[in-house]
Every structure is written in C-alpha cells, then in structure tokens.
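Here is how the chains run, residue by residue.
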Amino acid sequence: MEPVELFHQVAATVPAYRAFLAENHLDPAEIRTLRDFGRVPMTSKDTYTRRHPLPDLCRDGVIGDMIAVSSGSTGTPSFWPRSADDERVIAARFEEVFRDSFAARERRTLAVVCFALGTWVGGLFTVNCCRHLADRGYPITVVAPGTDRREIRRVLPELAPYFDQVVLLGYPPFLKNVIDTEDLPWADWDVKLVTAGEVFSEEWRALVARRAGMADPVRGIASLYGTADAGVLGNETPLSVEIRRFLSAHPDTARALFGESRLPSLLQYDPGVRFFEEHEGTLLFSGDNGVPLVRYHIADEGGVIPYERMLAFVRDHGFEPESRGPERPFVFVFGRSHFTVSYYGANIYPENIAVGLEQPEVSGAVTGKFVLEVAEDERRDRQLTVTVELMPGEKPSDETASAVGASVLAQLLRLNSEFANYVPTAQQAPVVRLREAGDPEYFPPGAKHRYTR
C-alpha cells in the first residue's frame, strides 16, 4: 500500500489518528502526493500512542485478536494489538530468510523458537509466523522452548536428528551462549540462526558460525529488524550480508557510507508494506498493523539507501557482490544513541567493544557480554572501563585481562577515528574488569542485558 493511501485509510478509520490530525490542524484532503505526505506531522509514543485509549488507536476503535506487551528501552510497558492478517504480512520476511538463505522449501526444517514466550512480543509472534510458512507448504516443524535452557537441552537431541536442518531463533547473545555452553553436536544438525533485537559485528557472525559448524555464514545467520510497535520491518538477505561483510573489512568505506565509525545492521525492506523515511539521522516508518502507524518516529538512528545507489557505491569501491536480489531498498540501523558513552569528547559505541571481544586471541575466554562505562578513579580522573563476563569455568586473571584490554584497544583504534584522535594516548588503554559467568551485579542470568552504564 502506498503511504498516501495508507494515510487516508488511517485518517478515515482510526479515531485517535483523526484526533491527532485535528490537534495539528491538518485536513486529510490536503494530502494528495508523496511530497504532501512529507508535511504530515510525525507520531511517536509520547505524542500519539500514549495519549489515547488503546481501542482508539485501532481501526474502527476495535482491538485486534491478540495483544503483545513490550517494555521498550524505558521499562514502561506498551500494548500492541495484533491480528492474523498482520502476521501473514510479516511472515513474508521470515519466508524470504527461510527460502533464500536456508533453502527451507526443499529441506525438512526444525524451527526452535528461543525468544521469550508469554505476553512478550517476540516468542509467540515468531511461532505464529513460522506456522504460516508451514501453511504455505514449507516442511517446517516448530518447537518453542523459549529461553528455558533446560527445555532447549531436552528437546534438541530428541528432535534434531529427524530433520535436515535446525534453525534457532532468538536474541544474539542468548543464542551464542547456548552454542558456547551446551555440549551438543551442533555441526551434525546443520544449524542456522535467525536473530533480532541487537546489532552484532561481522566478527560475531564468523565466530558463531564457526562454533556452530556452519559452512556458509552469509546464508547461515540472518538478522531481522523488528519492533514491538510494528513487527518485522526488514531482514538481512544474502546480498545485504555480503555488502556488510565487505564494509566490515573496510572501515573507511563504511564510514563514508554511513557517517559513523560503528557498523550498523544492514537490511532490505519491502516499501509496499513498510515505508521508511529519514529524519535528522533517525528513522520514521509507516505501516498497517493492529495499531496502524503513519510517519512513526521509532527513535532508532539510521537511514535509507536505494538499491541502485547501494550497488553503485560498493562497485565504485571495488566490490562486486555475488548475490543479485532482491532489488529493494536498504535500511541501516544503529540502534538508540543513548547507549553510547562519551570519553574525552569521543563517542564510544558498544559495537566497537564487541569486535574486540570477538577476536580469536580472546574469544574463547569470554562470553561476549560486557558493560561499558566511564568511571572515576580515586584521583577523580575519568577512565574508560569495560567489565567483561568470562566463560563458565573461567577465573579472572591478569593475563586474560591484559589480552582483553589489548584486543579492545586495537579495535577501538581501528574502528573509531574519534577515539584515535580525541583521546590522549596515555588514556586510551581501557581498564578491564573480569567477572565470572552470571555475576549478579553485572550479568544476572535471565535479565535483558544492558551494555552501557
């Protein structure tokens, strides 16, 4: 659906949106073209969804047949109605991954949903989307242990041998931790991963692919860009992964394209069902959902790159992707800006630290979880401090701390030009504090991890 058509449908059928337009003195009849659409006021949680009763946010004032809950980044719960029609549209994003990356049309596939179950948005929504693929003729069987490690340990050895491949779906750090710590024959099961919720590095992709025994990281791990507000907005494709791997190896080229020293998620999206716009370095989207959203400001930092422009850019920089399709625009997503820390005027991103922990000389000793902060010492001098979780059974040692610090510093200098140029050389080495696995202060089991303080 074109964004102007969506706008008029929402204005005609959603009570809260009619009220929103009236408050902003906008007559829907004035909006006729895509240029006019750019004059429509943005919506957000604060200006729109939190200001109206839940039924008024839905078409004809009727709540859909299912509700998901999200705490978002602030801890305040939001409620998002869903319908089966919403799931069918979003199942197309799962279908693209399962078909084009995993060849699941021809292979018996066990889909293991490791997102949290219950009212939270990820688990049951993913279960339903995978079952829609089964309805479309894919030989997919779904099992949903959620985040219960005992259930994952119990069901996988029993079920995996009956299938050609196993697809684990969950948040990146959780899936990595399962692969790292569960003594299971991953390589025998032709494991694939579908992730969401966090940006990860290409070093992370290669590391996890190696530990899971994957032959092809490009077609073995796919990330989804999903939000509680509107489901899945975009997905990695073999083409977007190839381009991202090239940019990861060429930080200056990536910086020229994205304007940042960190590497964002890079995905493709269908503008016929989700329409993206850039606004001052952040993303707006419009889409039909249980709560239809028009020019909704999700507050994720990122941008949009047309297909032809992206291909021309990488070719101009000497890279020719092997994959050709789909010929759809790209969206890149950094995440929320308040997850950075500032040190001597340089923005330090968690993504920079993560790459340091994923280098081969240290990755075997750490889980990949860390907390980045700028702390004051007894002299009130500020120090860049990284608290790192060790693998189960590992104990803190000066040798490990030194190796981690050297690896993190090397990647900061390679990836972050602000850090290299702003921070005095004597203050560049981070203070590394090692904690045992599951440390209750920094790495409590089961909690959603925060990478900065």
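Now for a quick tour of the structure. (Residues numbered from 1 in each chain as written. Predicted model: local features only at pLDDT ≥ 70, side-chain atom pairs only at ≥ 80, totals over all residues. Heavy atoms only, no water.)

Side note on the state of the cysteines
Under the criterion given, the structure shown has zero disulfides. Summary of cysteine pairing: Cys-114 is not part of a disulfide, and the nearest cysteine sulfur, belonging to Cys-130, is at 11 Å. The thiol of Cys-130 is unpaired, and the distance to the nearest cysteine sulfur, on Cys-129, comes to 7.1 Å. (Disulfide = S-S within 2.5 Å.)

Structural notes on the nonpolar core
Residues Phe-7, Tyr-17 and Phe-276 are the most contacted members of the largest nonpolar core, which totals 38 residues. Every element with two or more residues in this core is listed here: helix H1 (3–13), helix H2 (15–23), strand S10 (274–279), strand S11 (282–287), strand S12 (293–305) and strand S13 (330–335). Dropping the residues within four chain positions of it, Phe-276 is found in contact with Tyr-225, Leu-233, Tyr-269, Leu-283, Leu-284, Phe-285, Val-304 and Val-331. (Core = buried A, V, L, I, M, F, W, Y, C linked by side-chain atoms within 4.5 Å. Buried < 20%, exposed > 50% of the residue type's maximum accessible area, 1.4 Å probe, protein only. Helix = DSSP H or I, 4+ residues; strand = E, 2+ residues; numbered from the N terminus. Contact = heavy atoms within 4.5 Å.)

Concerning the packing of helix H9 (residues 238–248) against helix H10 (residues 251–258)
At a minimum axis distance of 6 Å, the contact between H9 and H10 shows a crossing angle of 120 degrees. Contacts between H9 and H10 involve Phe-246, Leu-247 and Ser-248 from the first element and Pro-251, Thr-253, Ala-254, Leu-257 and Phe-258 from the second. Residue composition of the contact of H9 with H10, by class: six nonpolar, two polar and no charged. (Axes fitted to C-alpha atoms, helices over the stretch in contact; angles between N-to-C directions. Nonpolar A, V, L, I, M, F, W, Y, C, P; charged D, E, K, R; others polar.)

A few points about the layout of surface pockets
Approximately 330 Å³ is the volume found for the second largest pocket. Forming the boundary of the second largest pocket are 22 residues, of which Arg-59, Asp-86, Gly-287, Asp-288 and Asn-289 lie nearest the centre. If you list the elements that add at least two residues to the lining of the second largest pocket, you get H1, helix H4 (84–101), S10 and S11. The element best represented in the lining of the second largest pocket is H4, accounting for three residues. Of the residues belonging to the lining of the second largest pocket, the class tally is ten nonpolar, seven polar and five charged. (1 Å grid on protein atoms, 1.4 Å probe; cavity = no way out; pocket = protein on both sides within 12 Å on 5 of 7 lines; lining within 4 Å. Points joined across faces, edges and corners; volume = space filled by probe spheres on them.)

Observations regarding the environment of Asn-347
Checked against the element boundaries, Asn-347 lands in strand S15 (residues 346–348). As for Asn-347 and Leu-357, which are separated by ten residues in sequence, their C-alpha atoms are 19 Å apart. In this structure Asn-347 touches Thr-340, Val-341, Ser-342, Asn-416 and Glu-418, once residues within four positions along its chain are discounted.

Section: the pairing of strand S7 (residues 221–227)
Counting buried residues along S7, six of its seven residues qualify, which places the element largely inside the surrounding structure. Looking at chain direction, strand S6 (residues 191–196) and S7 are connected through four bridges and run parallel. Looking across to S7, one finds that Thr-195 is bridged to Ser-223. One ladder, built from four bridges, connects S7 with strand S8 (residues 231–235); its direction is antiparallel. If you follow Tyr-225 over to S8, its bridge partner there is Gly-234. Taken together, S7 and the strand that follows it, S8, pair antiparallel across an intervening segment of three residues. (Pairing = 2+ DSSP bridges.)

Structural notes on empty space enclosed by the protein
A complete count under the given rule lists two cavities of 30 Å³ or more for this structure. Considering only enclosed or pocket space, the largest cavity measures out at about 170 Å³ in volume. Lining the largest cavity are 20 residues, and of these Ser-261, Arg-262, Leu-263, Val-355 and Leu-415 lie nearest its centre. Across the lining of the largest cavity, the residue classes break down as eight nonpolar, four polar and eight charged. Looking at the second largest cavity, the residues that line it are Val-89, Ile-90, Arg-93, Val-232, Leu-233, Asp-270, Val-273 and Arg-274. At the level of secondary structure, the elements contributing two or more residues to the lining of the second largest cavity comprise H4 and S8.

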